[in-house]
Each structure stands twice: as structure tokens, then as C-alpha cells.
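Chain and residue survey
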Amino acid sequence: MDLLWGQGFYQKLRFVLVKQDERFSIFVSTDLTFEPMQILTAYGYRFKIECTFREMKQVIGAFGYRFWSSAMPKLSRYRRKGDPDPLERVTEEQQRKRIRLTLQAIEGFVMCSVIATGLVQLIALRFSGQKPGLFFRYLRTPSKSVVSEATVVAYFRKSIFSLFAQNSQLSLTQIIRSKQKTALPDANSLVS
């Protein structure tokens, strides 16, 4: 149903009323060309996107980067529309290069976090039914079929080093071992 909605300036919106069992839901779209099923599909995608962003933020830490450059100007929330952009005032090429490198570091960090999120989701889907060890922590409402990304990450935090130790043939394990310093025996250890 298309209805006018708003205060003062009324806008035509498309409302879709959904009844599932005894529950009612209302979905709204500003695109009046969408059919009801397209609106429901769009809401389904939006929910999945929001859940993915929540997992990236809270579980992976994708937006916890701390890259900054002193060449970056302070940005003001209260900048007026007519004021020039603070980045346009940076004219020195060396400072512009540092700002570009900072932005590349941020984008690279987020890209690696997106890849990590995808890998964790694949692991959760692939090994949920086979790994009872993934359920080592208390879950208020555990799923019987697929574990969450948070459970997979907690499992890896707990067991990643023992997994590396068990698989010494892995390239990653060999790189880590090559970077570790071998401890020299001290007098106490020689005595024992």
C-alpha cells in the first residue's frame, strides 16, 4: 500500500504488511517501483549485512585500527557547507603522500579483516558438525547446527598455538619458529 508519510513534508512510501503465524510486521520502502517480495528480500539482505558488520566490529575488530598521520588536518563536525574542505588546504606534496599512505593502511587493515571474517564464517559452516571442541564455552542459546563466528574465534584463541605445535610441517609454523630466538641455557637449567 502506498501512503504519504512524514511531518510537514510528506513523502509517498510503499508499506508492506506481513503476517507470519500470529505475528505482524510492517516493511517500508522509498522505492515505489519495488514489488512487495522485492522489499522483503531487500530487508533480508540488510539484516545479513548488519549482522556481518556487527561480527566484523565486535569479533574480528575490523574497525579498531589506529593509523594516523600528523599531516592529516583536524576535521570539524561543525564545519559549515560553504567552508573549504580541510584536506584541500593541505598543499605540501610530502604531507599529501603521508595522508595517502595512512588511508592505504586503513583500507588494507579493513580488507584483511573482511577476509578474516569470511574465513571464520567458512570454518564455522564447514566444521560445526564435526568439532565438538568448538562448544567449549558457555553459550546462552547454542545452535545445534552452526556455531557462531565468536565461538570459532574463541576456539582459535584458545588452541591456535597447540595447533601450530602439532603441525610443524606448515609453512606458517616454520616461519614462526625461524623468527623465534632459541634460549641459551642458563646456570640454573644446567644444574637441573
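All values reported here derive from a predicted model rather than from experimental measurement. (Residues numbered from 1 in each chain as written. Predicted model: local features only at pLDDT ≥ 70, side-chain atom pairs only at ≥ 80, totals over all residues. Heavy atoms only, no water.)

1. Overview of the packing of aromatic side chains
Defined as follows: Each Phe, Tyr or Trp ring, with Trp reduced to its six-membered ring, pairs with another whose centre is within 6.5 Å; inter-plane angles below 30 degrees give stacked pairs, above 60 give edge-to-face pairs, and intermediate values give tilted ones. To qualify as a helix, a DSSP run of H or I must reach at least 4 residues; to qualify as a strand, a run of E must reach at least 2; elements of each kind are numbered from the N terminus.
In the structure shown here, the tally under the stated rule is seven aromatic pairs. Measuring from centroid to centroid gives 6.0 Å for Phe-53 and Phe-63, while their planes differ by 20°, and the two rings are stacked. Of the two residues, Phe-53 sits in helix α1 (residues 36-60) while Phe-63 sits in the loop between α1 and α2 (93-127), which places them ten residues apart along the sequence. These aromatic residues form a ring-pair network of at least three members: Tyr-65, Phe-67 and Phe-109.

2. With respect to the pattern of salt bridges
Basically, it comes down to this: A side-chain nitrogen of Lys or Arg and a carboxyl oxygen of Asp or Glu constitute a salt bridge if their distance falls within 4 Å. Summary of the burial criterion: residues with accessible area below 20% of their type's maximum are buried, those above 50% are exposed, and those between are partly exposed, where the area comes from a 1.4 Å probe applied to protein chains only.
Applying the stated criterion across every chain yields a total of three salt bridges. Between Glu-55 and Arg-54 there is a salt bridge; the shortest N-O distance is 3.1 Å. Taking relative accessible area as the criterion, Glu-55 reaches 9% and is therefore assigned buried. When the shortest N-O distance is used, the salt bridge between Glu-93 and Arg-100 registers 2.9 Å. According to the relative accessible area criterion, Glu-93 is partly exposed, its value standing at 48%.

3. Quick look at the packing of α1 against α2
Stated formally: The axes used here are C-alpha line fits, helices contributing only the stretch in contact, and every angle between their N-to-C directions lies in the interval 0 to 180 degrees. Relative orientations are named as follows: roughly parallel for angles under 35 degrees, roughly antiparallel for angles over 145 degrees, roughly perpendicular for angles from 65 to 115 degrees, and oblique for any other angle. Contact between two residues is taken to exist if any of their heavy atoms lie within 4.5 Å; hydrogens are not considered. The residue classification treats Ala, Val, Leu, Ile, Met, Phe, Trp, Tyr, Cys and Pro as nonpolar and Asp, Glu, Lys and Arg as charged. All others, Gly included, are polar.
For the pair α1 and α2, interaxial distance at closest approach is 10 Å and the crossing angle is 100°. It follows that α1 is roughly perpendicular to α2 by the angle criterion. Residues Thr-52, Met-56 and Ile-60 of α1 pack against Ser-113, Val-114, Ala-116, Thr-117, Val-120 and Gln-121 of α2. When the residues that make up the contact of α1 with α2 are grouped by side-chain class, the tally is five nonpolar, four polar and no charged.

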